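Here are the chains, one letter per residue:
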Amino acid sequence: MPSQGKEYDMKVLIIGSGGREHALAFKIAMSPEIHKIYCAPGNAGIAALAECVAIDPEDISALADFAKKQAIDLTVVGPEGPLAAGIVDRFEKSGLRVFGPSKKAARIEGSKSFAKKLMTKYGIPTAQGKSFSNVEKAAAYIRKTGAPIVVKADGLAAGKGVMVCRTETEAMAAVKLMLTDRGFGDAGKTVLIEECLAGEEASFIAFTDGVHVLPLPTSQDHKTIFDDDRGPNTGGMGAYSPAPVVTPALHQKIMDTIMLPTVKAMAAEGHPYKGVLYAGLMIDGDQVRVVEFNARFGDPETQPLLMRMKSDIVAVMNAVIDGRLDQCAIEIDPRPAVCVVMASKGYPGSYPKGKPISGLEAAGRMKDVVVFHAGTAQKKGKIITSGGRVLGVTALGDTVQAAIQTAYKAVAKITWDGAYYRKDIGMKAIKRQKNPALVGIVMGSDSDYPVMKEAADVLEKFGVPFEITVASAHRTPARAMDFAANAISRGMKVIIAGAGHAAHLAGVLAAHTILPVIGVPIDSSALKGMDALLSTVQMPPGIPVATMAIGKSGARNAGILAAQMLALADPALAEHLETFKKEMAEAVEKKAAQLGK
């Protein structure tokens, strides 16, 4: 346990030198428990918050000796390298408190083959794939599977060891680069070849103490070097939070099918996972699959996430170490945050160093802006470039659009010879906001969510934009009436209403709109939902409500019926529904065949 004296008595050591570590120093410095921060090795920006010490992050012995000598109360490991090398195990054996997963647990990032086997064994949704260390066998698999296909270096490659190959020729070139030419060193002595997933990527980062999982807000990274997701992968050219592609329904699905099962799986395998677990996800409608796991905070996702986190991060980290994360909650600034990475020209390939940077003070004086340093150093009193990714200019805003505008205004104040940055960070969020919700899902109480989630899941599957909210016909009648009265002007075409007991919600909504209303009776009383069913179906003349069955099956059918209504004017959606019907029929035939054996 950390010392229990007065406030401002803890000494913290942060390991790393990038934008992620600057963001951690920024947030840790806000804790009332902190007296002193050290960072090994740090950078020019971190130096304003911590005492930087010239120790290599991979020199675990030197780091442990330093932590003992300085009586460090908490060590926070930023990059993946030291984690994969076993820094947590070494520190714990020395009686030092350290935040991060053990060497065996860190294999979830250190070996993509390990992660793939774990997910396959425990039914965690991911892409199909196989690992190879032989070029001929890899080539045979590529010919059998076809393109597009993804080739990944099995080990740590600084976020650059993933190649999305459009043709079999490209895939074979990637295999040769890794296995034969050793383009990624030992990280590529084994390759993982996977199916190419379609959809939109998002990052899901959570604290875990090996049992409990406490998620941070969602975020989205921009991996490729050029606008419109073109060019080679980088460590990340920008990020924003929250990611609207992850709806509340999908958020719960991610927790239930990925995060919690992964933590349980790691414990079942004998190496409980404690620290931060990062799931890189691919989202396609209602389908979510894991692209990769990381054993640490993402970079640059950490920058906007920690700008939004209002809680004391040190308290959360100590709870993770002590196995009491269930006693914690995280308070989040509701405002979105956007991080634009400024890089050196030539990155992710070779690039010059030592370029003087100007404008940092002007950008730093802007309200709701923090300039996080990644690849910077000090020379003769000036801050110069020392890496590929140099700065992470991060801003909060009342809207995503406002945060984007503020971030780019700050970027415009900063210059050096060869500065480069993407111009489209956060635009996917803007694009999603321009697609208005076509279906409104209204619940009488938030306790109805487990039922109404079924309707949301169906709409996710069909790619129908929707909005879900709470409005009670009895406790907040004005809110319910306002929702219905303004639904058309907001672009909605159908309303789904779910409520229990007297269940007048559907009728109230139907009385204040000409949109079709679908009622879902919910079992929430001693009458097992029959009261809600009768109340919903017995509308007065002139106030029609389409009434579904009680509970989850009714909610699911409500989602399907809403999609069918919309499909009358949407040929693509109609085609999607036809496929859905065929899939249901095929599933029945398959079950019938199994019973007949």
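Keep in mind that this is a model prediction, so the values were computed, not measured.

Caption draft 1: Representation of the layout of surface pockets in the model. Here the second largest pocket defines a volume of roughly 970 Å³. Lining the second largest pocket are 32 residues, with Pro244, Val245, Thr247, Arg432 and Gln433 sitting closest to its centre. Of all the secondary structure elements, the ones that give two or more residues to the lining of the second largest pocket are β16 (275-284), α14 (427-433), α15 (449-462) and β25 (466-470). Partitioning the lining of the second largest pocket into residue classes produces 15 nonpolar, six polar and 11 charged.

Caption draft 2: Inspection of the packing of helix α19 (residues 552-567) against helix α20 (residues 571-596) at higher detail. Contact pair α19 / α20: the axes reach a minimum separation of 8 Å and the direction vectors enclose 140 degrees. Considering the angle they form, α19 stands oblique to α20. Here the hand of the crossing between α19 and α20 comes out left-handed. Of α20, the residues touching α19 (which contributes Arg556, Ile560, Ala563, Gln564, Leu566 and Ala567) are Pro571, Leu573, Ala574, Leu577, Phe580 and Lys581. Tallied by class, the residues present in the contact of α19 with α20 amount to nine nonpolar, one polar and two charged.

Caption draft 3: Representation of the sheet that holds strand β27 (residues 517-522) in the model. Taken together, the five strands give an open sheet; going across it, the order is β25-β24-β26-β27-β28, and neighbouring strands pair in parallel fashion. Looking along the sheet, the strands with just one partner apiece sit at the ends: β25 and β28 (546-547). Inspection of the sheet shows strand β26 (residues 494-500) paired to β27 by six bridges, in the parallel sense. Considered in β27, the bridge of Ile496 is made with Ile518.

Caption draft 4: Focus on unusual backbone geometry. With an omega dihedral of 0 degrees, the bond running from Ala40 to Pro41 counts as a cis peptide bond. Examined against the element boundaries, Pro41 turns out to sit in strand β2 (residues 34-41). Residue Pro148 is bonded to the preceding Ala147 through a cis peptide linkage, with omega at 5 degrees. Secondary-structure assignment places Pro148 in the loop between α7 (135-145) and β7 (149-153). In this structure, Ala71 takes a positive phi of about 55 degrees despite not being glycine. Notably, Ala503 is not glycine yet its phi reads approximately 55 degrees, a positive angle. Looking at where Ala503 falls in the secondary structure, it is placed in the loop between β26 and α17 (505-511). For Ala503, a relative accessible area of 3% puts it in the buried group.

Caption draft 5: Region of interest: the nonpolar core. Ranked by size, the top nonpolar core spans 77 residues in total, and within it Ile87, Ile108, Ile258, Met259, Leu391 and Ile414 carry the most contacts. A per-element tally of this core places helix α9 (residues 248-268) first, with eight residues. With sequence-adjacent residues up to four places away left out, Leu391 is seen in contact with Val340, Val341, Met342, Ile357, Leu360, Val371, Phe372, His373, Ala374, Thr376, Ile414 and Trp416. In this structure, Ile28, Cys39, Ile46 and Val316 belong to the second largest nonpolar core, which totals 41 residues.

Caption draft 6: Layout of α19. With 16 residues, α19 extends 23 Å from end C-alpha to end C-alpha; this agrees with the ideal 22 Å at 1.5 Å per step. All of the buried residues in α19 are Gly554, Ala555, Ala558, Gly559, Ile560, Ala562, Ala563, Leu566 and Ala567. On the buried face of α19, the contacting elements are β24 (439-443), α15, β26, β27 and α20.

Caption draft 7: Summary view of the pattern of salt bridges. Tallied over the full model, the rule gives 26 salt bridges. Between Asp227 and Arg422 there is a salt bridge whose closest N-O contact spans 4.0 Å. Residue Asp227 is found in the loop between β13 (224-226) and β14 (230-233), and its partner Arg422 is found in the loop between β23 (419-420) and α14; the two are separated by 195 residues along the sequence. Notably, a salt bridge pairs Arg335 with Asp368, separated by 3.1 Å at the nearest N-O pair. With Arg335 in the loop between α11 (313-322) and β18 (337-344) and Asp368 in the loop between α12 (360-364) and β19 (369-373), this residue pair connects regions lying 33 residues apart in the sequence. With a relative accessible area of 27%, Asp368 lands in the partly exposed category. A single network of salt bridges, built from pairs that share partners, joins Asp227, Asp229, Arg422, Asp424 and Lys428.

Caption draft 8: Focus on the packing of helix α1 (residues 19-28) against α11. Across the interface, α1 lies against α11 with an axial gap of 8 Å and an inter-helix angle of 105 degrees. In terms of axis orientation, α1 runs roughly perpendicular to α11. In contact with Leu24, Lys27 and Ile28 of α1, α11 contributes Ile313, Val314 and Met317. Among the residues making up the contact of α1 with α11, the classes are represented as five nonpolar, no polar and one charged.

Caption draft 9: A look at the environment of Leu63. Counting through the fold element by element, Leu63 comes out in helix α2 (residues 60-69). Residues Leu63 and Ala562 lie 499 residues apart in sequence; the distance between their C-alpha atoms is 59 Å.

Caption draft 10: Spatial organisation of the sheet that holds strand β9 (residues 191-195). Reading across from one edge, β6-β9-β7-β8 is the order of the four strands in this open sheet, with antiparallel pairing throughout. The open sheet has two edge strands with one neighbour each: β6 (129-132) and β8 (162-165). Within the sheet, the average angular offset between the axes of one strand and its neighbour, ignoring direction, is 20 degrees. Packed onto the sheet, helix α6 (residues 112-122) meets β6, β7, β8 and β9 and runs at close to 45 degrees relative to β9. Along the sheet, α7 contacts β6, β7 and β9; its crossing angle with β6, the most-contacted strand, is approximately 160 degrees.

Caption draft 11: Fine view of the environment of Ala23. Secondary-structure assignment places Ala23 in helix α1. Apart from residues no more than four positions distant in its own chain, Ala23 is found in contact with Thr302, Gln303, Leu306 and Phe372.

Caption draft 12: Looking closely at the pairing of strand β10 (residues 200-208). Counting buried positions along β10 yields eight of nine residues, so the element is predominantly enclosed. Bridge analysis of β10 against β16 gives nine bridges, and the strand direction is antiparallel. Looking across to β16, one finds that Phe204 is bridged to Ala279. Here three bridges tie β10 to strand β11 (residues 213-215), and the two strands are oriented antiparallel to one another. Across the sheet, residue Thr208 finds its bridge partner in β11, namely Val213.

So, how was this worked out
- Residues numbered from 1 in each chain as written.
- Predicted model: local features only at pLDDT ≥ 70, side-chain atom pairs only at ≥ 80, totals over all residues.
- Heavy atoms only, no water.
- 1 Å grid on protein atoms, 1.4 Å probe; cavity = no way out; pocket = protein on both sides within 12 Å on 5 of 7 lines; lining within 4 Å.
- Points joined across faces, edges and corners; volume = space filled by probe spheres on them.
- Helix = DSSP H or I, 4+ residues; strand = E, 2+ residues; numbered from the N terminus.
- Nonpolar A, V, L, I, M, F, W, Y, C, P; charged D, E, K, R; others polar.
- Axes fitted to C-alpha atoms, helices over the stretch in contact; angles between N-to-C directions.
- Parallel < 35°, antiparallel > 145°, perpendicular 65-115°, else oblique.
- Left-handed = near helix turned anticlockwise from the far one by under 90°.
- Contact = heavy atoms within 4.5 Å.
- Pairing = 2+ DSSP bridges.
- Buried < 20%, exposed > 50% of the residue type's maximum accessible area, 1.4 Å probe, protein only.
- Core = buried A, V, L, I, M, F, W, Y, C linked by side-chain atoms within 4.5 Å.
- Expected span 1.5 Å × (residues − 1).
- Salt bridge = Lys/Arg side-chain N within 4 Å of Asp/Glu carboxyl O.

Just geometry here; none of it tells us what the structure is for.
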